[in-house]
Structures are given as C-alpha cells and as structure tokens.
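What follows is each chain in one-letter form.
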Amino acid sequence: MGAARVVGCSWGLLCLLGWGTAAAGTGGPVLVKAGQLLDVRTGILHAKQALLIENERIKEVGPEAQILAHAPSGAQLIDLGGYTVLPGFIDAHTHLTYRVDVASYAWLGVSAPREALLGARHAKATLMAGFTTVRNLGARGYADVALRDAIRDGDVIGPRMQVSGPAIGSTGGHMDSNLLPYAFRYSEEGIADGREGVIRKVREVVKYGSEVVKVAVTGGFLSVGTNPNGGQYSDEELQALVAESKRLGKPVAAHAHGTVGIKQAVRAGVDSIEHGTELDDECIQLMKSRGTYLVPTVFLWSHFPENARPPEVPQEQAEKAREMAPSAKRNLAKAVKAGVKIAFGTDSSVYPHGMNGHEFGALVELGMSPLGSIQAATLHAADLLRWSDRVGELKPGLYADLVAVPSNPLLNVRILENIPFVMKGGEVVKDQRPSATCAPHATSSFAVPQEDGTLRTHGPTGVSLLPIVRRLWATFRGAVDAGAAARVWLDDTSDVDGAIGIYGRPCVGQPARRPACAHS
Ligand SMILES: [Zn+2]
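Residues numbered from 1 in each chain as written. Predicted model: local features only at pLDDT ≥ 70, side-chain atom pairs only at ≥ 80, totals over all residues.

Undergrad: What exactly am I supposed to notice about the overall build of the chain here?
TA: Across its full length, the chain holds 12 helices and 17 strands. Every one of the 520 residues in the chain was classed for burial, and the buried ones make up 54%. Relative to all contacts within the chain whose residues are 6 or more apart in sequence, the contacts with residues 24 or more apart total 68%. (Helix = DSSP H or I, 4+ residues; strand = E, 2+ residues; numbered from the N terminus. Buried ≥ 20, exposed ≤ 12 C-beta atoms within 10 Å, placed from the backbone. Contact = placed C-beta atoms within 7 Å.)

Undergrad: Help me understand the sheet that holds strand S8 (residues 160-163), please; the structure alone is not making it clear to me.
TA: Note: strands within a sheet are paired through backbone hydrogen bonds, in either parallel or antiparallel orientation. Here 3 strands make up an open sheet; going across it, the order is S6-S7-S8 and the pairing parallel. Bordering the open sheet on either side are strand S6 (89-94) and S8, each of which pairs with just one other strand. With strand direction ignored, the average angle separating the axes of adjacent strands in the sheet is 15°. Two strands pair when backbone bridges link them, and strand S7 (residues 131-136) and S8 are joined in this way by 4 bridges, in the parallel orientation. Across the sheet, Asn136 pairs through a bridge with Val163, a residue of S8. (Pairing = 2+ DSSP bridges. Axes fitted to C-alpha atoms, helices over the stretch in contact; angles between N-to-C directions.)

Undergrad: Sorry, what's going on with the nonpolar core here?
TA: Side chains that are nonpolar tend, in soluble globular proteins, to be buried together. By size, the foremost hydrophobic cluster in this structure holds 135 residues, and its most contacted members are Leu51, Ile90, Ala265 and Ala381. Among residues more than four places away in sequence, those in contact with Ala381 are Ile90, Ala92, Ala343, Phe344, Ala376 and Gly392. (Core = buried A, V, L, I, M, F, W, Y, C linked by C-beta atoms within 7 Å.)

Undergrad: Can you help me understand the packing of helix H5 (residues 235-247) against helix H6 (residues 259-268) in this one?
TA: Helix packing for two helices is described by the angle between their axes and how far apart those axes are. Between H5 and H6, the shortest axis-to-axis distance is 9 Å and the interhelical angle comes to 40°. Classified by the angle between their axes, H5 and H6 sit oblique to one another. Pair H5 / H6 crosses with right-handed handedness. Seen from H5, the contacting residues are Asp235, Leu238, Gln239 and Val242; seen from H6, they are Gln264, Ala265 and Ala268. (Parallel < 35°, antiparallel > 145°, perpendicular 65-115°, else oblique. Left-handed = near helix turned anticlockwise from the far one by under 90°.)

Undergrad: In this structure, what is going on with the environment of Val242? I would like to understand it.
TA: One can find Val242 in helix H5. Looking at Val242, the number of C-beta atoms within 10 Å reads 24, which means it is buried. A C-alpha to C-alpha distance of 9.7 Å links Val242 and Ala253, two positions 11 residues apart in sequence.

Written as structure tokens, this is what we have:
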C-alpha cells in the first residue's frame with residue numbers, strides 16, 4: 001500500500017487503497033463495501049458485504065471480510081458503509097428522445113437528429129435517477145439507435161439501451177401522425193398495413209438497428225383521433241408481425257389499452273403488453289396462462305392528468321387521459337393482485353425524464369410489495385429484455401451497475417425516488433452522498449436525504465474544521481492529479497449544462513451544489 005492512501009474511507013468519499021490504482025471505468029479492480037446489500041431474488045438484506053469489480057463486471061460478491069482478505073492491493077475502494085446497495089434499475093418503457101409535447105404541431109418541426117440530442121439530455125437525467133438500463137419503445141428517424149450507440153461508445157452518458165426504432169402501427173393509428181391534412185400526404189415511418197407490409201416493416205426496423213419490435217395494437221391518449229379501446233390491426237396482420245419478429249429473434253412489445261387489442265396481442269404471442277389499461281379478467285387469465293408480461297406504466301395516471309395542459313398537450317389528449325385514469329388504476333391493481341408478471345416501465349416523456357423512480361411508489365399503491373416493485377425493475381425487467389445475463393442482479397458475471405440509498409427501501413420504497421449514488425459498469429457516475437468534508441461551519445447550507453427521499457436543508461453550525469478540510473481536500477486533489485483517479489462528481493443534478501467536474505472537464509454527474517453534509 002503506497003503513500004496515496006488519502007482520507008478516512010468512512011467519510012463516504014471514494015478512497016484509494018494504493019498508489020497508481022486504475023480509475024473506475026478503465027477496467028482496473030474496484031472494491032465496493034456495502035453497509036447492506038439487497039438480494040433482489042430473496043429479499044434478504046445482507047449486512048457488511050463487498051463486491052469486487054473488474055472490467056465493468058462483478059467478479060465476486062460476499063461478506064466484506066471474506067472479499068477484503070484477498071482483494072487486489074491496488075483496487076480502488078468505494079465505501080458505501082451505512083448505505084443499502086441494490087442493482088441498478090431497469091425501465092422497460094421509456095421514450096428518451098421525446099417530450100410530452102410530442103403530439104403537438106410544434107413537434108412536427110423537430111428533426112430526428114435534434115431528437116437524438118434531446119435524448120442525450122434525457123439519458124443523463126434517467127441515469128442519474130438510478131436507471132442504468134432502459135428499453136426505449138419508439139423513436140423517429142432511429143434517433144434511439146444513434147443515442148444507444150453514442151452511449152455505448154462513451155460520447156454521451158446514459159443508461160444501457162435496448163431500442164425499437166420507429167414503432168410500428170397502422171395508417172391513421174396511434175403511431176401515425178394525424179395532425180396534417182391530406183395535402184401533406186405524411187405518414188410516420190413505422191406505418192405499415194397488410195400482412196406483407198408489416199413483415200417488410202419488421203425486417204426494415206431490424207435492418208436499421210432495432211433490438212425489440214414495438215407495435216401499437218390500440219389507439220392511445222397521446223394521438224389525435226384514435227380510440228384507446230379500439231383495435232388497429234387485423235389478427236392476420238398481427239400474427240404475421242409477431243411471427244416475423246420471432247423468426248428474427250426479436251421480442252415484441254405491444255402498446256395496448258383496450259381489451260380487444262390486449263387479447264389479440266396476447267394470442268398473437270407478444271412478449272409484453274404495454275399499459276394494459278382496460279384489462280379485464282379474461283385478459284388477466286390469458287396473460288397468466290401465456291406468461292405475457294404487463295408493463296403497467298402506472299405513475300403516469302397520477303402525474304399526467306393533473307399536469308397535461310395546452311399548448312404542450314392538446315385538450316383532446318389531456319381529456320382522454322383524465323377519463324381513463326380512474327379505471328386504469330383499478331384494472332392494473334387487479335392484474336397485480338392476480339399475479340400477472342409485471343415488469344417496471346414508466347413511459348417517461350409523458351412526464352419529465354428523471355422521475356422514473358416514482359413508479360415504485362405507484363406500484364406499491366396498486367398493492368405490490370416494495371420488494372415486488374424492486375423485482376419488477378430488476379429481475380423481471382431484465383428477463384423481459386432477455387438481458388438476465390448482463391443486468392438485474394448483483395452477482396458474478398453481470399455488469400457492475402448499482403445504486404445506493406441511505407435507508408432500507410423495503411420499509412419505504414419512496415426512498416428510491418432520490419438516488420444519491422449510481423455506478424454503471426464499475427464507474428461512479430453520480431455521488432451525492434453527504435460528506436463530512438463539508439463539516440460544521442461550512443458557510444453554505446447543506447442537505448440531508450430523509451427517509452421519504454426528500455432532502456432537508458440545514459444551515460451553518462458551530463466549530464470551524466475548514467483548515468483541516470482544506471488540507472485533506474488538497475491531498476485528495478493531489479492523488480487525483482497524480483492519475484490515481486476515481487470519477488467523483490460533486491455537483492448537483494438539477495442543471496446539466498456547462499458543469500465542470502474536479503478534473504476540469506465536463507461533469508458526467510450533474511452540477512451546482514457542494515456535497516451535502518451528513519452530520520446533524
Ligand atoms: Zn410509450
């Protein structure tokens with residue numbers, strides 16, 4: 001162990017076990033100490049655990065003493081003592097390249113490249129909310145493929161993405177743009193009709209990079225002139241679409257609100273029903289017998305009807321949603337109670353990106369246990385994505401994607417609405433844990449995460465430790481400058497533009513506030 005041992009690791013900042021250690025994210029060994037670690041499969045919280053990470057993946061998980069005994073001496077240590085560590089979350093239904101005004105005339109003037117760049121902003125907000133993987137269902141111009149690849153190549157930061165490209169739908173249906181009159185003769189690129197048409201469209205979206213096929217089998221509340229309860233495709237068209245997707249090895253996600261469309265899609269063999277708003281007992285039985293996933297996107301039924309207003313959302317769409325909300329919640333609660341397989345998904349874009357964690361509380365309100373809601377966002381979503389070999393658990397061989405929260409989410413799942421620590425692929429992308437380095441007499445105020453997930457602000461207090469803090473900080477900076485670095489971003493998450501990290505290069509986390517303090 002070299003001279004670069006920096007600060008007491010119990011202080012919550014990243015610490016270095018030795019001189020010249022590799023930075024997280026470069027594949028060097030990383031050792032994470034977890035005060036508690038949630039086994040999402042069993043629901044057991046194991047105390048004093050550790051994870052050894054190498055080359056983005058988890059190499060070992062187990063009791064801290066056991067892992068520490070043989071961890072490489074040069075490993076970077078991240079001390080999450082006092083925190084509960086969980087796998088990074090998966091949102092199986094996002095629209096990172098969209099905003100809520102996607103159905104407005106103004107949106108017709110937004111180009112696909114612009115959508116991809118907007119997606120970069122939303123990808124960051126989503127990752128900062130603890131969602132290290134998303135399935136993106138629907139994007140124009142393959143903006144989602146571009147975003148996925150840019151994240152993979154390290155050009156922008158964001159979650160791992162599984163993407164659909166343009167969503168497939170019938171002429172005049174939910175996936176078409178019905179805002180323009182005939183003179184423009186405009187249809188969205190995912191529009192296909194007839195058996196031959198849908199088969200060709202599936203081949204086309206796969207050709208351009210789609211990993212999952214998204215299809216609309218009913219109307220929706222964010223499209224003009226469509227009926228959420230009405231079907232959009234014939235059985236023959238839908239069966240051909242699903243058969244071709246399966247032949248190409250791609251799962252199918254079906255947007256479906258009404259019962260006719262849900263039954264049609266489940267019988268055709270889709271992998272998931274997205275929304276499922278009006279499902280009845282027969283739908284529930286069909287889905288259970290076929291093992292079809294439901295992605296209930298339930299938080300939107302609380303947020304959207306209350307907040308959707310013209311001009312961002314046309315009056316017709318807002319009213320459709322307000323009418324559907326009460327029965328949606330009742331029906332989805334029945335599906336949860338009946339034991340339909342649930343995967344976590346939010347439809348983010350219908351409300352601001354980065355609020356994905358509010359879905360946990362909404363699922364619990366439907367009658368799901370806190371553990372069940374966490375399983376939906378880890379094990380089950382990973383299964384739906386067919387990515388159980390890479391994400392969804394903290395076990396050897398999977399990506400080191402994890403989050404840490406200051407209290408037990410099984411007691412209060414709403415703590416997951418505010419995630420202070422996020423790691424993706426062994427790299428710390430967010431660290432806003434309270435730190436003793438801004439100890440008493442800090443001139444600025446500081447915030448302490450509360451049980452309910454909010455931050456409580458505390459003002460300045462007594463004794464000055466500033467000189468000591470400055471010295472320790474300088475030592476820490478020295479270690480960083482020597483290249484023994486970990487990527488720690490000490491800034492706020494509210495405004496991502498122009499933030500500078502401690503390396504003098506742009507933050508991957510988010511800006512503005514100094515680290516919050518834990519002492520009281
Ligand atoms: Zn959607």
